[in-house]
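Next come the chains, spelled out residue by residue.
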Amino acid sequence: CSERRAGGLSTVDASHLESLASGGRMPARRAIMVLATKQHTGKTSVSLALIQTARKLLAPSGGTVGYMKPVGQQWVTVEEGGEQIRVDKDAAVAHHYFKLQERLRLSDVSPIVIGRGHTKAFLDGEMPSLAAEAFEARLTSAFGAISAASDFVVVEGTGHSGVGAVLGWNNARVAAALGVEVVLVANGGVGSTFDELSLNVAACRAEKAAIAGIIINKCAPSKVAEVTTYLQKAADRFGWGVPVLACVPYGDDLDKPSVSDLVHLFEGGFSKERYVPSESASSLASMSNLGKRRDLKHTAAAVYATALRYAAGYGGLRASGGGGGSSGGSSS
């Protein structure tokens, strides 16, 4: 499978992806769900990058991008409509950073939070809100509200495809219930990475959740082309019919916390200052680190744009026209 490089990043050639879309098997999508193969793959970072990329792609036509984290585990308390509600912490960050409050309720962006003790309470029959019908109704209602207000939606799962199985609602089942195809995020490598991907592909297939593609994150820069090529060969060899959309190299600066990061870690809490480094007390320290991170951000922009176009329908995420959900077509 041929490749093209963008600033040290590699994506599978468009001809391979378009061949998968032939015959109407891969229509343009209005939403994707991002799932990890394990912890610490960078799923949230990839999700936020895809939101930003989609915003840029749809900006010329005034298109809007929504975000949803259907099931959260680590929560913060926020006020909405005069009430205090618990929402997933990542959802709160995305809602604030992308100014989604102008269009989307945070309670829809983060409709379900599973806190400490909830699993045992559910198994003891003490959590009717987590019963199958109530769970599905809340998910679909929230997703419907976000979809109605957005041209494209990035849905972020909680961990890998099997998380939530004890409730009868793992991530793969959530994706299937919402009718959203999955993008799997795995860390760089070949053998162990493919093993992890295999488990998640199996979980998705068991729940009849379709997979739009794979993004490899935190790959050794010198191995980007090799990892992309061999993971695609492995996927093709076992008949997955799933493209490797992108391979993002590991950025050392992104794993080095700034003084500001450490202050926020130990002080905790959800505040504007915590998520807007330029407005924090230690802004000078954080801005130095942000300068280094910006280089990787610009380098990755092209590959995320390419990956998102493919994941949204192999060219189907349009930069003009209103709906963003029409099938077929290609926008370069």
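In this text the structure is predicted, and so the values were computed from the model without any measurement. (Residues numbered from 1 in each chain as written. Predicted model: local features only at pLDDT ≥ 70, side-chain atom pairs only at ≥ 80, totals over all residues. Heavy atoms only, no water.)

Let's talk about the overall build of the protein
Operational definition: For helices the rule is a DSSP run of H or I covering at least 4 residues; for strands it is a run of E covering at least 2, with both sets numbered from the N terminus onward. The contact definition used throughout considers only heavy atoms, calling two residues in contact when any of these lie within 4.5 Å. Calculation of accessible area relied on Shrake-Rupley with a 1.4 Å probe; when residues are assessed, cover is drawn exclusively from the protein chains displayed.
A count of helical and extended segments in the protein gives twelve helices and twelve strands. Of the contacts formed within the protein by residues at least 6 apart in sequence, a portion of 74% connects residues at least 24 apart. A total accessible area of about 15,100 Å² is found for the protein, and carbon and sulfur atoms account for 53% of it.

Comments concerning the confidence of the model for the protein
Note the cut-off: Summary of the metric used: pLDDT quantifies the predictor's per-residue confidence within the range 0 to 100.
A residue-level look at the protein finds 67% of positions with pLDDT of 70 or above and a mean pLDDT of 74. Element-level pLDDT for the protein is lowest in strand 1 (residues 3-6), with a mean of 32, against a maximum mean of 95 in helix 8 (residues 191-206). Below a pLDDT of 50 lies the segment residues 1-27, which in the model reaches 69 contacts outside its immediate sequence neighbourhood of four places, other chains included. Overall, residues 314-332 carries pLDDT values under 50, and its contacts beyond four positions in sequence, including any with other chains, amount to 51 contacts.

Topic: the side chain of T37
Definition in use: Think of it in three bands: residues with accessible area under 20% of the maximum for their type are buried, residues over 50% are exposed, and the middle band is partly exposed, with areas taken using a 1.4 Å probe on protein chains only.
Following the sequence through the fold, T37 ends up in the loop between strand 3 (31-36) and helix 2 (43-58). Judged by its relative accessible area of 7%, T37 falls in the buried class.

Comments concerning helix 3 (residues 89-97)
Keep this limit in mind: Under this definition, polar contacts are N or O atom pairs within 3.5 Å; protein pairs additionally need one hydrogen-donor-capable and one acceptor-capable atom, and for neighbouring residues in sequence, both atoms have to be side-chain atoms.
Within helix 3 the residues assigned to the buried category are D90, A91, A92, V93, A94 and H95. Residue D88 occupies the N-cap position of helix 3, its side-chain oxygen lying 2.9 Å from the main-chain nitrogen of D90. Backbone geometry just after helix 3 places K99 at a positive phi near 55°.

Looking at the nonpolar core
Grouped burial of nonpolar side chains is what soluble globular proteins tend to show. For clarity, the threshold we go by: The nonpolar core is taken to be a set of buried Ala, Val, Leu, Ile, Met, Phe, Trp, Tyr and Cys residues, with the residues joined through side-chain atoms within 4.5 Å.
Among the nonpolar cores identified, the biggest contains 73 residues, and L139, F143, L184, I216 and W240 are the most heavily contacted of them. Take this core: its biggest share by element is six residues, from strand 11 (residues 211-219).

With respect to the environment of R173
In this structure, R173 sits in helix 7 (residues 171-178). The spatial distance from the C-alpha of R173 to the C-alpha of K208 is 7.8 Å, given a sequence separation of 35 residues. When neighbours within four sequence positions are excluded, R173 is seen to be in contact with G168 and E207.

Let's talk about the pattern of salt bridges
Note the cut-off: In what follows, salt bridge is the name for a side-chain nitrogen of Lys or Arg lying within 4 Å of a carboxyl oxygen of Asp or Glu.
Taken as a whole and judged by the stated rule, the model has eight salt bridges. When salt bridges with common partners are traced through the structure, they connect K43, K69, D88, K89, D90 and E156 into a single cluster.

Things to note about the packing of aromatic side chains
The description of an aromatic ring pair uses the distance of the two centres, along with the angle that the planes make with each other. What counts here: Ring pairs shown here join Phe, Tyr and Trp side chains whose ring centres sit within 6.5 Å, with only the six-membered ring taken for Trp; geometry is labelled stacked below 30 degrees between planes, edge-to-face above 60, and tilted in between. Only when the NZ of Lys or the CZ of Arg is both within 6 Å of the ring centre and within 35 degrees of the ring normal is a charge said to sit over the ring.
In this structure the tally under the stated criterion is four aromatic pairs. For the pair F135 and W169, a centre-to-centre distance of 5.1 Å together with 15° between the ring planes defines the contact as stacked. One end of the pair, F135, is in helix 6 (residues 132-148); the other, W169, is in the loop between strand 9 (152-156) and helix 7, and 34 residues separate them in sequence. An identical accessibility class is assigned to F135 and W169; each is buried. Chaining the aromatic ring pairs together yields one cluster made of F194, F238 and W240. Sitting over the face of the ring of W75, R86 holds its NZ or CZ atom 3.9 Å from the ring centroid.

Some words on the environment of P111
Locating P111 in the fold gives a position in the loop between helix 4 (106-109) and strand 8 (112-113). A residue is classified by how much of its surface remains accessible, and P111, at 14% relative accessible area, is buried. Considered as a pair, P111 and A91 are 20 residues apart in the sequence and their alpha carbons are 9.9 Å apart. Once you skip the residues sitting within four places of it in the chain, P111 turns out to touch M68, K69, P70, R138, L139 and A142.

Some details on the pairing of strand 3
Keep this limit in mind: A pair of strands counts as paired when DSSP detects no fewer than two bridges linking them.
Most of strand 3 sits out of view: six of its six residues are buried. Every second residue of strand 3 is oriented toward a common face, with A31, M33 and L35 on one face and I32, V34 and A36 on the other, all of them buried. Strand direction decides the pairing type here: strand 3 and strand 9, joined by four bridges, are parallel. Considered in strand 9, the bridge of I32 is made with V154.

Quick notes on unusual backbone geometry
The phi torsion at H40 lies on the positive side, around 65°, for a residue other than glycine. Structurally, the position occupied by H40 is in the loop between strand 3 and helix 2. In this model, K218 sits at a positive phi of 60°, which is unusual for a non-glycine residue. For K218, the position within the fold is in strand 11.

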